[in-house]
Amino acid sequence: MYLNPRPDVSSLPAAYADYLTHTPITDERVLTSSSPSWGLVRGYLRWRFGLHTSLPTFSAGRWLFSAIEPWRLKLDRFGRHLTRQRFPQPGRLLDVGCGNGTFLKLAQAMGWTAFGCDPDPDVIAICQETGLNATVGDIDVFASEHASFDAITLNQVIEHVPDPLELLRQCKDLLKPGGVIWLGFPSPAALGLNVFGQAWANLHPPYHFCLPAQHIIRGWLMKAGFAEIQFMRRGAHASADWAKSNRLEKVFGTHSTPLMRGRSGQIVTDLLGSITSRWGEETAVIAINGS
């Protein structure tokens, strides 16, 4: 899916003047809450991703969430699938489009030496105020660091850029041989788009320039030189998108099928996201630098 017409280069910065990432960093409750439920979450994340905090951590979480597939998949996406099985010794990570730095802080707790970049100086100021290693600018600011990163993540980024293939090529240049790229972005095959139509929250004009189907993103990754491309199941994830889309229906005055726009639609989407990677609200994909 493709936005037409698009904001031009001169007007685009004005669209982001009050963007949603301008709020000060809000620590994920996994890094702040001492409640037993979050202790179980930390138990799973410690086993799966090497998360380290001083908060109570219960190893039973490993077994609990491993047994509940939608939640396991949700937590795996939370860690952007950068598991300890894949990375026994986490190295250098770059989060492109890091926003206010929420994931940078989590990545540090997972053992990564984390760097971020974002073209928005306001969000980078928020990162730097909290001691995070973040730089104003696009991925170009790291152009001199050829083959220096073990992992690069792009969460809700690829749909915002005018030339996605060029961005993927730049990522490949910065990755070490065998390094990993991870992307998460809205899926044009989502059930939510069929339910809500123009009120689907993930259309998000004028910010989203394109929403690539899986065969398109696979083609881009292959052209950029990536291999071992895997689309990941998303698990439980639809509630926030459903709530936003219901609010937008009121704005647009549109009316989706009552049964599907409520809890039933969320459940169906979460089940689909647990069974297959094809029809979730979001595409999550991971690939290896093949050179």
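Everything quoted here is computed from the prediction, not taken from an experiment.

Peer 1: Just checking my understanding: could you explain helix H7 (residues 164-174) for this structure?
Peer 2: Helical periodicity: at 3.6 residues per turn, an α-helix aligns residues three or four positions apart in one direction. Among all positions of H7, only Pro 164, Leu 165, Leu 167, Leu 168, Cys 171, Lys 172 and Leu 174 are buried. Contact partners of the buried residues in H7: strand E1 (92-96), strand E4 (149-155), strand E5 (175-186), helix H9 (214-224), strand E6 (226-232) and strand E7 (282-289).

Peer 1: What's the story with the layout of surface pockets in this structure? I'm lost.
Peer 2: In this structure, the second largest pocket encloses a volume near 170 Å³. It is helix H4 (residues 69-78) that contributes the most residues to the lining of the second largest pocket, 3 residues altogether.

Peer 1: Mind showing me how you'd approach the pairing of E4 here?
Peer 2: Most of E4 sits inside the fold, with 6 of its 7 residues counted as buried. Strand direction decides the pairing type here: E1 and E4, joined by 3 bridges, are parallel. Pairing of Leu 93 across the sheet is with Ala 151, part of E4. In terms of strand pairing, E4 meets E5 through 6 bridges, oriented parallel. Residue Ala 151 lies in a different strand from E5, and its bridge partner there is Val 180. Crossover handedness for the path E4 to H7 to E5: right-handed.

Peer 1: Looking at this model, I keep getting lost on the nonpolar core. Mind explaining?
Peer 2: Grouped burial of nonpolar side chains is what soluble globular proteins tend to show. Grouped together as the largest cluster of nonpolar side chains are 33 residues, with contacts concentrated most on Val 30, Leu 45, Leu 51, Leu 82, Leu 93, Leu 106 and Trp 112. When contributions to this core are tallied by element, the ones reaching two or more residues are helix H2 (36-49), helix H5 (102-109), helix H6 (121-129), E5 and E7. With near-sequence residues (within four places) excluded, Val 30 lies in contact with Trp 38, Val 41, Arg 42, Leu 45, Leu 51, Leu 55, Phe 78 and Leu 106.

Peer 1: Explain the pairing of strand E2 (residues 113-118) here, please?
Peer 2: It is a general feature of regular strands that their side chains alternate between the two faces of the sheet. Counting buried positions over the 6 residues of E2 gives 5, a clear majority of the element. Alignment of E1 against E2, held across 5 bridges, turns out to be parallel. Of the residues in E2, the one forming a bridge with Leu 93 is Ala 114. A crossover links E1 with its parallel partner E2, the connecting element being H5, and its sense is right-handed. In this sheet, strand E3 (residues 134-136) lies alongside E2 in parallel orientation, the contact comprising 3 bridges. In the sheet register, Gly 116 faces E3, and the bridge partner there is Ala 134. Where the polypeptide runs from E2 across H6 and back to E3, its parallel neighbour, the crossover connection is right-handed.

Peer 1: Could you clarify how one ought to interpret a negative patch on the surface in this entry?
Peer 2: Residues Asp 138, Asp 140, Asp 163 and Glu 166 make up a contiguous surface patch of negative charge. With respect to the secondary-structure elements, Asp 138 resides in the loop between E3 and E4. A relative accessible area of 45% means that Asp 138 is categorised as partly exposed.

Peer 1: Any chance you could explain the sheet that holds E3 here in plain terms?
Peer 2: Remark on secondary structure: sheet strands pair via backbone hydrogen bonds, oriented parallel or antiparallel. Across the sheet, which stays open at both edges, the 7 strands sit in the order E3-E2-E1-E4-E5-E7-E6 with mixed pairing between neighbours. Unpaired on one side and paired on the other, E3 and E6 mark the two borders of the sheet. Strand after strand, the sheet turns through a mean of 20 degrees between neighbouring axes, direction not considered. Against the sheet, H5 engages E1, E2, E3 and E4, with an angle of about 170 degrees to E2. Against the sheet, H6 touches E2 and E3, its axis set at about 155 degrees to E3.

Cut-off values and rules
Residues numbered from 1 in each chain as written. Predicted model: local features only at pLDDT ≥ 70, side-chain atom pairs only at ≥ 80, totals over all residues. Heavy atoms only, no water. Buried < 20%, exposed > 50% of the residue type's maximum accessible area, 1.4 Å probe, protein only. Helix = DSSP H or I, 4+ residues; strand = E, 2+ residues; numbered from the N terminus. Contact = heavy atoms within 4.5 Å. 1 Å grid on protein atoms, 1.4 Å probe; cavity = no way out; pocket = protein on both sides within 12 Å on 5 of 7 lines; lining within 4 Å. Points joined across faces, edges and corners; volume = space filled by probe spheres on them. Pairing = 2+ DSSP bridges. Right-handed = clockwise from strand over helix to strand, strands pointing away. Core = buried A, V, L, I, M, F, W, Y, C linked by side-chain atoms within 4.5 Å. Patch = residues over 30% accessible without salt bridge, like charges linked within 9 Å, V, L, I, M, F, W, Y side chains within 5 Å. Areas by Shrake-Rupley, 256 points an atom, 1.4 Å probe, with all protein chains shown as cover. Salt bridge = Lys/Arg side-chain N within 4 Å of Asp/Glu carboxyl O. Lys, Arg positive; Asp, Glu negative; His and termini not counted. Charge placed at Lys NZ, Arg CZ, Asp CG, Glu CD. Axes fitted to C-alpha atoms, helices over the stretch in contact; angles between N-to-C directions.

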